[in-house]
Amino acid sequence: MASKAASEATAPEAPETAASSDVPPDPPSDPYAPSQAYEPVSPGDAASGKYVSSSVSGAAKIMVVGPLGVGKTTLIGTVSEIKPLSTEAVMTQAGASVDVPPDQAKATTTVALDFGRMTLDGELVLYLFGTPGQQRFLPAWRDLARGALGALALVDTRDLTASFDALGHLEDLGLPFAVAVNVFPGSPRHSDGELRAALDLLPETPLVSCDARDERSSVMALIALVRHLVLAAESS
Ligand SMILES: Nc1nc2c(ncn2[C@@H]2O[C@H](COP(=O)(O)OP(=O)(O)OP(=O)(O)O)[C@@H](O)[C@H]2O)c(=O)[nH]1
Ligand SMILES: [Mg+2]
C-alpha cells in the first residue's frame, strides 16, 4: 500500500499530446492563418462541382421568377450543380384564401428565395436566384434583383393571367427577360403568336417551353435567356 501511495504521489501525469482527441489544437499564432476547419480547394472539389471551375471567365446573376407553383424551385433544383438553397415553408390554412396554387396538392412554398449555380460551357457561371411566387412578395424583388443581368420568367398556361404581375414587375425593374412555358399535364396548348399576344411580349423576347423537372429543356431555356442578354448587350 505504502509503495502504491508513493508511486501515485510521484508518478508524473501523462503528458497531453496534440494527438489527444479531447484536447483542442492550439490556435494558430498568425490570426490570418487558415483555421483547422479550412478546406483547401483540390482539383477533385472543382471536378465535383463544389467550387467554380478555374476555366470560368464570367459570371451572371439571373432571376427565376413567376407566379405561385409555376416551378421556380423545381427548375433551380434541376439545373443546379451545387446543392440548391431553398426556403420552403408549409402552406398554412391562414393563407388558403390568397395563396391558391394551380396544383391544390402543393404543400410547401418558397418564403424567401431559392439559390443555385450552373456553369455554361465551362466558361460562364450563372448564379440563379428564385423568387417567392406570392404577389405580396413582389416588392421584395427590388432588393433580390439588385445586380441581376436578366430573368427567366416561368409561365403556366393553365393560368396565364397569374403571370401578368411578374412580367409587369420585370418591365418596371427594367430587367431583360426570356419567357419559358413550364408544361404541366393537361396544360392548354397555344401557338407562339397567341402566347405572345396574351402576354404582350416584345418581338425580341425569347419564348420557349420546358419541363422544370427535365435538365435539358431547363438548361435550354436558360441558354435562350443568355443569348438574348448577349444580343441586347451587343446592340446597345
Ligand atoms: N408535371 C409537372 N410538375 C411540375 C413541373 N414543374 C414543377 N412541378 C411540380 O409542381 C410543384 C410546384 O413546383 P415548385 O417548384 O415548388 O413551384 P414554385 O414556382 O417554386 O412555387 P412557389 O415557391 O410556391 O411560388 C412541385 O410539386 C413540382 O414537382 C413540371 O414541369 N411538370
Ligand atoms: Mg418555390
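Residues numbered from 1 in each chain as written. Chains lettered and ligands numbered in written order. Predicted model: local features only at pLDDT ≥ 70, side-chain atom pairs only at ≥ 80, totals over all residues.

Some details on the nonpolar core
Going by this rule: To count as a nonpolar core, a set of buried Ala, Val, Leu, Ile, Met, Phe, Trp, Tyr and Cys residues must be joined through C-beta atoms within 7 Å. To assign burial, the other C-beta atoms lying within 10 Å of each residue's own C-beta are counted, with C-beta atoms placed from the backbone; 20 or more indicates buried, 12 or fewer indicates exposed, and intermediate counts indicate partly exposed. Strands here are runs of E lasting at least two residues and helices are runs of H or I lasting at least four, both read from the DSSP assignment and numbered beginning at the N terminus. We call two residues in contact whenever the C-beta atoms placed from their backbones are within 7 Å.
By size, the foremost hydrophobic cluster in this structure holds 35 residues, and its most contacted members are Ile62, Val64, Ala151, Leu152 and Ala153. Those elements that provide at least two residues to this core are strand E1 (58-65), helix H3 (72-79), strand E5 (124-130), strand E6 (150-155), helix H5 (164-173), strand E7 (177-182) and helix H7 (215-235). Contact partners of Leu152, with chain neighbours within four places excluded, come to Ile62, Val64, Phe177, Ala178, Ala180, Ala221, Leu222 and Leu225.

Concerning the environment of Gly66
Considering the arrangement of structural elements, one finds Gly66 in the loop between E1 and H3. Sequence spacing of Gly66 and Ala180 is 114 residues, and the spatial spacing of their C-alpha atoms is 9.8 Å. Beyond its immediate sequence surroundings of up to four residues, Gly66 is in contact with Lys72, Gly133, Ala153, Leu154, Val155, Ser163 and Ala166.

Observations concerning the site of ligand 1
Quick reminder of the rule: To decide whether a residue is near a molecule or strand, its C-beta atom is placed from the backbone and checked for lying within 6 Å of it. Throughout this entry, Asp, Glu, Lys and Arg are counted as charged residues, while Ala, Val, Leu, Ile, Met, Phe, Trp, Tyr, Cys and Pro are counted as nonpolar. The remaining residues, Gly among them, count as polar.
Close to ligand 1 lie 20 residues, the nearest being Gly71, Thr73, Thr74, Thr110 and Gly133. Among the secondary structure elements, those contributing two or more residues to the shell around ligand 1 are H3 and strand E3 (108-110). For the shell around ligand 1, the element with the highest residue contribution is H3, accounting for three residues. Per-class residue counts for the shell around ligand 1 are six nonpolar, nine polar and five charged.

Overview of the confidence of the model for the chain
Detailed reading of the predicted coordinates is not advisable wherever pLDDT is low. Using the following cut-off: Confidence per residue, as judged by the predictor, is encoded in pLDDT with a range of 0 to 100.
Confidence in the prediction for the chain averages 84 pLDDT; 77% of positions are at 70 or higher. Below a pLDDT of 50 lies the segment residues 1-20, which in the model reaches two contacts outside its immediate sequence neighbourhood of four places, other chains included.

Points about the pairing of E1
To keep it simple, the criterion reads: In short, DSSP must find at least two bridges between two strands for them to pair.
Where E1 and E5 come together, seven bridges link them in parallel fashion. Looking across to E5, one finds that Met63 is bridged to Phe129. Bridging between E1 and E6 involves four bridges; their strand directions are parallel. Looking at E6, one finds that Val64 is bridged to Leu152.

Remarks on H5
Stated formally: Each direction from the helix axis to a C-beta atom contributes to the arc, which is the arc of those directions.
Turning to H5, its buried residues number three or more, namely Ala166, Leu167, His169 and Leu170. Projected down its long axis, H5 carries its buried residues within an arc of 160°, all on one side. Residues of H5 that are exposed and point more than 90 degrees away from the buried face comprise Gly168, Glu171 and Asp172. Those residues of H5 that are buried are in contact with E1, helix H4 (138-144), E6, E7 and helix H6 (192-199). Phi turns positive one or two residues past the end of H5, at Gly174, with a value near 70°.

Considering unusual backbone geometry
Here the phi dihedral of Asp121 falls at roughly 55°; this positive angle occurs in a residue that is not glycine. Position of Asp121 among the secondary structure elements: in the loop between strand E4 (114-120) and E5. Within the chain, Asp200 stands out as a residue other than glycine whose phi angle is a positive 55°. Structurally, the position occupied by Asp200 is in the loop between H6 and strand E8 (207-210).

What to know about the sheet that holds E7
Defined as follows: In this description, a line fitted to the C-alpha atoms serves as the axis of each element, helices being fitted only across the stretch in contact, and the angle between N-to-C directions of two axes falls anywhere from 0 to 180 degrees.
Read from one edge to the other, the open sheet built from six strands follows the order E4-E5-E1-E6-E7-E8, with strand pairing classed as mixed. Lying at the two open borders of the sheet, with one neighbouring strand each, are E4 and E8. When the angles between neighbouring strand axes are averaged without regard to direction, this sheet yields 25°. Sheet analysis places E6 next to E7, joined by five bridges and oriented parallel. When the bridges of E7 are listed, Ala153 appears paired with Val179.

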